[in-house]
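Architecture at a glance
So you can see what is in the structure, the chains are spelled out below.
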Amino acid sequence: MRKWIVRIGLGVVAVMMIGAVSSYLFIDRELTRMYGGLTEPANPVVADAGTRDYALVNVSVLAPEGDRFLPDRIVVIRDGQIRAIGNTTTSPGEIPTLDGRGMYLVPGFTDSHVHLWESENDLLLYVANGVTQVRDMNSLPVNLRWRDEIEEGRIGPDIFAVAPQFATFGPMEGAFVGWVQHKTIVRTADQVDAAVKDYVAEGYDALKASSYLDRDGYIALSAAAAEHNIPLVGHLPMAIGLEDLWASNQSEVAHVEEFVKALDREFGGYSADTAEDFLAFVRERSDGVADRMIAHDISVTSTLELVDSFHRQKFDLNTELTAAKLTYENPGISEGTIITSRGMGWLPQVNIYRWPEGLDAERQARSRLYWQAYAEAQHILFEAFLARGVPILAGTDANVPVRVPGFSLHEEMEALQAAGMSPAEILASATTLPAKFMASGTGEIAEGRKANLVLLRDNPLKDIGATESIEMVIVGGRALDRQDLDALLDSVRTANDNSRTVPIPVAE
Ligand SMILES: [Zn+2]
């Protein structure tokens, strides 16, 4: 009898263990799919001339000041570097030439806020859109590997890898959040120090505060960043105020939106009823915030288009999805998953910004007022930052709905122009300023710089929309012409179509 009880007991335990292991494996695979890791890798056929030594001739080159083009220049590129810039009377020597007559050469663009996750085809989307550098705001070991492979010649943008963002949660929730969202879960200063030490040793380029880091954790993270001489970037945790930011070593804030949230906390939390009062409060505070940013040498990343899209995604998601270049978005990411309570994805059933089901008309109207005020507050802050001269980095939050990698930077640059930035300022926000922030040796067309360049048919100083008229992208010295770039895009579209399990909305 006793023997049977033991046997049945062991049987039950075995079944439970098999159940636990298989649910773990199921969820883990679902997460890999959601982060894009199961999408077929694109396989582009690119004509590679095999040479990295050539000269671009007869081309207009963006001056280092970024405010004008210098006509009829020769740019000599050897071993992935800009070796010489001359006027047309200079002989390029015995190397092949590429004719840039009538065209405009600018530094490759940087998107200062992206999420690569496990979506490797994104590397091709960035290059095809002239984005030769990205700052990945929550890097994983696989992204460090891509970074190294790109340095060795794989086609892709330079990657500035920010370590998984720091957050504070209790043990149970922390284990889940750390697993599902790839966050660094910390509860004590010692845990912060240990994680920072590991990330520095693993070769990450910066540390990131999340919205969910507690105040002690933030202070510890700031101290560890200074100790290891590594930048601290990211969100303003909900547990801190602006005084904590000014006292910290944080050198960048990842969204203009973060200041909307910080001022909302100072205001005491606005609602649809108090939206006008809140906006008046933001107007009153915005210049002072901008001045402190400058005093503490803190940059801000724009992500205007993302935040402007919140109420549009809530109100008219289908129009937003149809307008987005969804054929290029990793279907794993856009299809998301329902294993977390609200879903994580772009499409209607899983869109992270969608309204809860069954919201009545009155609550919809109030929600719309709230989110429109939210977007307006970011514009008030943006205008103050721009007017006072805060360094603004162009960034998009690519792979967050509905920002498609590569394409989203051009949309952001249009949004920056609409918000009052001049084309020269926008080019700086996507080239010289991020290059300086990331010390990447790019961002300027000058001798000794890495040859990450974009050749445009139209003049971007006249209208920033010209950044889309891409004729050639040079990345790590490798020249990809329009045909090559189209091959990159086609290969990603094909891979996505082969991997898609849910149809995407298309224009009527
Ligand atoms: Zn982000």
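Residues numbered from 1 in each chain as written. Predicted model: local features only at pLDDT ≥ 70, side-chain atom pairs only at ≥ 80, totals over all residues. Heavy atoms only, no water.

**Quick word on the overall build of the protein**
Check the secondary structure of the protein and you find 17 helices and 18 strands. The C-alpha radius of gyration computed for the protein amounts to 24 Å, which stays within 12% of the reference 23 Å derived for 508 residues, consistent with globular compactness. Principal-axis analysis of the C-alpha atoms places the extent of the protein at approximately 100 × 60 × 55 Å. Looking at the protein residue by residue over its 508 residues, the buried ones come to 55%. Of the contacts formed within the protein by residues at least 6 apart in sequence, a portion of 71% connects residues at least 24 apart. (Helix = DSSP H or I, 4+ residues; strand = E, 2+ residues; numbered from the N terminus. Rg over C-alpha atoms; globule rule 2.2 N^0.38 Å. Buried < 20%, exposed > 50% of the residue type's maximum accessible area, 1.4 Å probe, protein only. Contact = heavy atoms within 4.5 Å.)

**Re empty space enclosed by the protein**
Enumeration over the complete set of coordinates arrives at one cavity of 30 Å³ or more. One number sums up the size of the largest cavity: a volume of about 40 Å³. Its residues assigned to classes, the lining of the largest cavity shows no nonpolar, seven polar and one charged. (1 Å grid on protein atoms, 1.4 Å probe; cavity = no way out; pocket = protein on both sides within 12 Å on 5 of 7 lines; lining within 4 Å. Points joined across faces, edges and corners; volume = space filled by probe spheres on them. Nonpolar A, V, L, I, M, F, W, Y, C, P; charged D, E, K, R; others polar.)

**Some thoughts on the domain arrangement of the protein**
What the domain assignment reports for the protein is domain 1 (2-34) and domain 2 (165-247). Taken over C-alpha atoms, the centre of domain 1 sits 34 Å from the centre of domain 2. (Domains from an automatic or database assignment.)

**Brief notes about the pattern of salt bridges**
Under the defined criterion, the tally for this structure stands at 27 salt bridges. A salt bridge links Arg33 to Glu335; the shortest N-O distance between them is 3.5 Å. With a gap of 302 residues between them, Arg33 in helix α1 (residues 2-34) and Glu335 in helix α12 (residues 331-335) connect regions that are remote in the sequence. According to the relative accessible area criterion, Glu335 is buried, its value standing at 9%. Arg283 is paired through a salt bridge with Glu376; the nearest N and O atoms lie 3.4 Å apart. Placement of Arg283 in helix α9 (residues 275-295) and of Glu376 in helix α13 (residues 361-388) is noted, with a sequence separation of 93 residues between them. Here the salt bridges share partners, and the residues they tie into one network are Glu30, Arg33 and Glu335. (Salt bridge = Lys/Arg side-chain N within 4 Å of Asp/Glu carboxyl O.)

**Remarks on the layout of surface pockets**
If you add up the space inside the largest pocket, you get close to 1500 Å³. Lining of the largest pocket is provided by 43 residues; of these, Gln181, Lys183, Tyr212, Ile352 and Tyr353 occupy positions nearest its centre. Contributions of two or more residues to the lining of the largest pocket are made by α4 (171-181), α8 (257-267), α10 (304-315) and α13.

**Quick word on a nonpolar patch on the surface**
Together, Trp4, Ile8, Val12 and Met16 make up an exposed nonpolar region whose accessible area comes to about 460 Å². Counting through the fold element by element, Trp4 comes out in helix α1. (Patch = residues over 30% accessible without salt bridge, like charges linked within 9 Å, V, L, I, M, F, W, Y side chains within 5 Å. Areas by Shrake-Rupley, 256 points an atom, 1.4 Å probe, with all protein chains shown as cover.)

**Topic: the side chain of Lys208**
As for its position among the elements, Lys208 is in strand β11 (residues 207-209). Buried within the structure, Lys208 lacks any salt-bridge partner; Asp397 is the closest side chain of opposite charge, at an N-O distance of 6.4 Å. There is a polar contact of 3.3 Å between the side chain of Lys208 and the backbone oxygen of Met137. Residues in contact with Lys208, not counting those within four places in the same chain, are His115, Met137, Val162, Ala163, Gln165, Phe166, Leu221, Leu232, Val233, Gly234 and His235. (Lys, Arg positive; Asp, Glu negative; His and termini not counted. Polar contact = N/O pair within 3.5 Å; in protein donor to acceptor, adjacent residues only side chain to side chain.)

**Remarks on the sheet that holds strand β14 (residues 299-301)**
Read across the sheet, three strands follow the order β13-β14-β15 without closing on themselves; strand pairing throughout is parallel. Each of the sheet's edge strands pairs with one partner strand only, and the pair in question is β13 (252-253) and β15 (392-393). Relative to β15, β14 runs parallel, the two being bridged by two bridges. Note that in β15 the partner of Val300 across the bridge is Ile392. (Pairing = 2+ DSSP bridges.)

**Some thoughts on helix α6 (residues 215-228)**
Helix length check: α6 (14 residues) gives 20 Å between terminal C-alpha atoms against 20 Å at 1.5 Å per residue, within 8%. Three or more residues of α6 are buried, namely Gly217, Tyr218, Ala220, Leu221, Ser222, Ala224 and Ala225. Here the buried face of α6 lies against β9 (166-167), α5 (189-202), β11, β12 (232-234) and α7 (242-246). Looking one or two places after α6, you find Asn229, whose phi comes out positive at around 55°. (Expected span 1.5 Å × (residues − 1).)

**Considering the sheet that holds strand β8 (residues 158-161)**
Pairing is parallel across the open sheet formed by three strands, whose spatial order is β6-β7-β8. Each having just a single partner strand, β6 (109-114) and β8 make up the two edges of the open sheet. Neighbour-to-neighbour, the strand axes of the sheet open up by a mean angle of 15°, direction not taken into account. Against the sheet, helix α3 (residues 141-151) makes contact with β7 (131-136) and β8, and its axis sits at roughly 145° relative to β8, the strand it touches most. (Axes fitted to C-alpha atoms, helices over the stretch in contact; angles between N-to-C directions.)

**Things to note about the pairing of strand β2 (residues 69-78)**
By the bridge criterion, six bridges tie strand β1 (residues 54-62) to β2 in an arrangement that is antiparallel. Note that in β2 the partner of Ala55 across the bridge is Val76. Linking β1 to β2, which pair antiparallel, is a turn of six residues; within it Gly66 sits at a positive phi near 80°. Alignment of β2 against strand β3 (residues 81-87), held across six bridges, turns out to be antiparallel. Note that in β3 the partner of Val75 across the bridge is Ile85. Hairpin connection from β2 to β3: two residues lie between these consecutive antiparallel strands, with Asp79 at a positive phi of about 50°.

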